[in-house]
Amino acid sequence: MPNKPRVGIALFIASVAFLAPVLASAYLAWWESCATEKALSLNNAQDILRRSEETSSQFKDAAQRLTQADLPPCSPQDLKLMRQVDLGSSYMKAVGRVAHDTLLCTSQGVTNPVFLGKPDLVTEHGVSTYFQKNLAAQPSHPLDVIAVGGFAMIVDPNLAFDISTEGPDVELAVFVPSAPNHDLVAAQGQNFLSEWFEPIDPGSQSTILNNGCLVSRVRSAQWDLAVVVATPQSYIYRRVGRFAVFFIPIGVLCGAILCLSVSLLTRMHSSFPTMLRRALKDGSLYVLYQPVVELETRRVIGAEALVRWRSRSADMRPDYFIPQAEQCGMIQLITARVLELVARDLPRFLKIDPEFCVAVNFSAADLSDNRTVDAMEQFLRVSGARPENVEIEATERAFLQSPETAEILDALRAQGFSVAIDDFGTGYSSLSCLQSLSLDTLKIDRTFVETINTDGATSQVVLHIIEMAHSLHLEMVAEGVETEPQAHYLLNHGVRYAQGWHFGRPMDIGHLCEQIHVTAAYEEVACV
Ligand code: C2E
Ligand code: CA
Ligand code: CA
């Protein structure tokens, strides 16, 4: 996959990995706040319903006792009994007798009839409620009178709401679900919406978010009573803030850990060793051959195998991946693959020219490992080539890497392979170093060939290198020959072989075979 989309995908995954826990923690804070507010609001509604139910239950007991006593209404005995009943009930302010919308007497001192007017609410069970009546006992504090069967209870409507809510804008209402308009028995607040009073099943409860309020409803199982508690949604937001302080840092921490893990995993997955292993498996590594010509005849007498890595976007240059492969200890896998490919191609070259020689680049690791000698034997078996058909190239640095290198080089030369020192002159190459190595060929680096026929300060270095090689009886291949004057100069100074764009760029096996044919034919014609 090209690098850009991969980086994009990795960034996307890392962002998701970071944001997901942060968003999850924000959602958790919201969810937790909703759950807490819902529980509080339902709790309040249940509390109010319990108080209302108990009031009703106390009134029922009172009415039963008074009915059973069957005393003349408002007689001293009746008043006495009413006072006893009143004392035993916690929610009723007083009990009394009613007839024709008139409160005749109460346990709390009403002795003269008080006309109540028309009832504000009459339920289908015959319960009449008169709201906000100023009774003699406490004229400044209006009370509700609830009457049924000639008996009345006087209640303080605020008693049901004597609970601690979160704030003054929490609205509370007790209503009669069976009444056609779901009339309110008691209420605190003015912004009720009619849909909140849609009756629910007896004994059930529900909480909904409606019109910016969290609305809890509970309905009594045995009384015709229901309660609504409406909490503004802003209370949830306030609570989210409090929960967020706790959850968000945890989310950010989890996000950071997850993001780090994802980026580590991505890096591991797209790390160089993983990519190289994949390339070795899927055949993305291949070789091109750069022709090596004999300068005098211009005949292609050999080629250098140069590895390439085919990627989807563009081929990767060995200058980029060879050093990395060396660094992570995987270069021998590349050498093995190049040898495998050259062993496959060599028979085609040898069919045209049995003397053809392919140069293969070896690294320090290859020359420090005894198994290379076995690998080269295997190479000869597989390719059917002779050792003279292969040249082993390595830089000076590779030659001097380890004490075993000299032995391995000797063994390879004993097998019949020729050995070339690559990029000569670019390191700390010296005559003494050349003398100490067992070599066959010296490859003059491109940087010196470039200076031929120029006035550059190093233009004379190539002559010294040539002299050095001559004195050591080394064969020479000049690299990076790009012009005819360069070729001419090198030939005139005793360099026999050359490679470079002037003769051919690295090419596939088909093109190289054509070039071998052409130059061979050209030479034959010249000889005739
Ligand atoms: P090198 O062994 O010195 O290979 C010669 C490099 O010079 C090649 O680059 C070739 O394409 C380039 N070249 C050839 N003629 C000319 C020319 O006239 N002008 C210019 N400007 N350049 C020219 P390439 O293929 O990119 O290889 C770069 C280096 O990668 C090689 O340098 C070699 O050190 C390494 N390499 C290539 N293939 C292998 C391999 O199979 N194994 C190992 N270990 N290293 C390899
Ligand atoms: Ca080389
Ligand atoms: Ca070279």
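Rules used in this analysis
Residues numbered from 1 in each chain as written. Chains lettered and ligands numbered in written order. Predicted model: local features only at pLDDT ≥ 70, side-chain atom pairs only at ≥ 80, totals over all residues. Heavy atoms only, no water. Helix = DSSP H or I, 4+ residues; strand = E, 2+ residues; numbered from the N terminus. Rg over C-alpha atoms; globule rule 2.2 N^0.38 Å. Contact = heavy atoms within 4.5 Å. Donors = N, O, S within 2.8 Å, 3.2 Å for Na, K, Ca; no water. Buried < 20%, exposed > 50% of the residue type's maximum accessible area, 1.4 Å probe, protein only. Near = heavy atom within 4 Å. Polar contact = N/O pair within 3.5 Å; in protein donor to acceptor, adjacent residues only side chain to side chain. Areas by Shrake-Rupley, 256 points an atom, 1.4 Å probe, with all protein chains shown as cover. 1 Å grid on protein atoms, 1.4 Å probe; cavity = no way out; pocket = protein on both sides within 12 Å on 5 of 7 lines; lining within 4 Å. Sits in = over half its atoms within 2 Å of the grid points. Core = buried A, V, L, I, M, F, W, Y, C linked by side-chain atoms within 4.5 Å. Disulfide = S-S within 2.5 Å. Axes fitted to C-alpha atoms, helices over the stretch in contact; angles between N-to-C directions. Parallel < 35°, antiparallel > 145°, perpendicular 65-115°, else oblique. Left-handed = near helix turned anticlockwise from the far one by under 90°. Phe/Tyr/Trp six-rings, centres within 6.5 Å; stacked < 30°, edge-to-face > 60°. Lys NZ or Arg CZ within 6 Å of the ring centre and 35° of its normal. Pairing = 2+ DSSP bridges. Right-handed = clockwise from strand over helix to strand, strands pointing away.

Moving on to the overall build of the protein chain. Counting its regular elements, the protein chain contains 15 helices and 20 strands. Relative to its length of 528 residues, the protein chain is extended, with a C-alpha radius of gyration of 51 Å against a globular reference of 24 Å. Oriented by its inertia axes, the alpha-carbon framework of the protein chain measures out at about 155 × 45 × 40 Å. The long-range share in the protein chain, meaning contacts at least 24 apart out of those at least 6 apart in sequence, stands at 60%.

The protein atoms that coordinate the calcium ion (ligand 2) are E304 (OE), N361 (OD1), E393 (OE) and D422 (OD), at distances of 2.1 to 2.3 Å. Linear spacing of the donor residues for the calcium ion (ligand 2) on their chain is E-x56-N-x31-E-x28-D. A gap of 3.8 Å separates the calcium ion (ligand 2) and the calcium ion (ligand 3), which D422 links by coordinating each metal. Of this pair, E393 sits in strand β16 (residues 390-395) while D422 sits in strand β17 (residues 418-424), and the two are 29 residues apart along the sequence. When its relative accessible area of 0% is taken as the criterion, E393 is described as buried.

Glancing now at the site of ligand 1. Lining the immediate surroundings of ligand 1 are 22 residues, of which Q290, E304, R317, E482 and W501 lie closest. A distance of 2.9 Å separates an oxygen atom of ligand 1 from a polar backbone atom of W501. In isolation ligand 1 has 790 Å² of accessible area, and contact with the protein removes 87% of it. More than half of the atoms of ligand 1 fall within 2 Å of the grid points belonging to the largest pocket.

A few words on the nonpolar core. Counting residues in each nonpolar core, the largest one holds 81 residues, and the members touching the most others are Y289, I334, F349 and I444. A per-element tally of this core places helix α6 (residues 331-352) first, with ten residues. For I334, the contacting residues outside a window of four places in its chain are L276, L285, V307, F321, I322 and A325. Counting 20 residues, the second largest nonpolar core, distinct from the first, contains A45, I48, L49 and A160.

Distances from the calcium ion (ligand 3) to its protein donors, namely D422 (OD), D423 (OD), E479 (OE) and E479 (OE), fall within the range 2.2 to 2.3 Å. Residue classification places D423 among the partly exposed positions, given a relative accessible area of 27%.

So, about the state of the cysteines. A disulfide bridge is the covalent bond that connects two cysteines by way of their sulfur atoms. Inspection of the entire model under this criterion finds one disulfide. For C74, the disulfide goes to C105, at an S-S distance of 2.0 Å. Residues C74 and C105 share a disulfide whose torsion about the S-S bond is about -90°; that sign makes it left-handed. In this pair, C74 sits in the loop between α1 (3-69) and α2 (76-87) while C105 sits in strand β2 (residues 102-106), placing the two residues 31 residues apart along the sequence. Cysteine C34 shares no disulfide, and the gap to the nearest cysteine sulfur, in C213, comes to 13 Å. The exposure class of C34 is buried, given its relative accessible area of 17%.

Contact pair helix α8 (residues 371-383) / helix α10 (residues 404-415): the axes reach a minimum separation of 9 Å and the direction vectors enclose 20°. It follows that α8 is roughly parallel to α10 by the angle criterion. In this structure, α8 meets α10 at a crossing whose hand is right-handed. Residue-level inspection shows T372, V373, M376 and E377 of α8 in contact with α10, the latter providing I408, A411, L412 and Q415.

With that settled, consider the packing of aromatic side chains. Counted according to the given criterion, the structure contains seven aromatic pairs. Judged by centre distance (5.7 Å) and plane angle (65°), the ring pair of F192 and F197 falls under edge-to-face. Using a relative accessible area of 17% as the deciding quantity, one classes F192 as buried. Residue F197 is classed as buried on the basis of its relative accessible area, which comes to 7%. Every member of this aromatic cluster is reached through a ring pair, and the members are F175, F192 and F197. The ring of Y235 carries the charged tip of R238 above its face, separated from the ring centre by 4.6 Å. One cation-aromatic arrangement involves R505 over W501; the distance from NZ or CZ to the ring centre is 3.7 Å.

What follows is about the pairing of strand β19 (residues 475-478). Summarising the sheet, strand β18 (residues 441-444) and β19 pair through four bridges and their orientation is parallel. Residue pairing in the sheet places I444 in a bridge with A478 of β19. With two bridges joining them, β19 and strand β20 (residues 497-498) adopt parallel strand pairing. Residue pairing for β20: A478 is matched across the bridge by A498. Crossover handedness for the path β19 to helix α14 (residues 484-492) to β20: right-handed.

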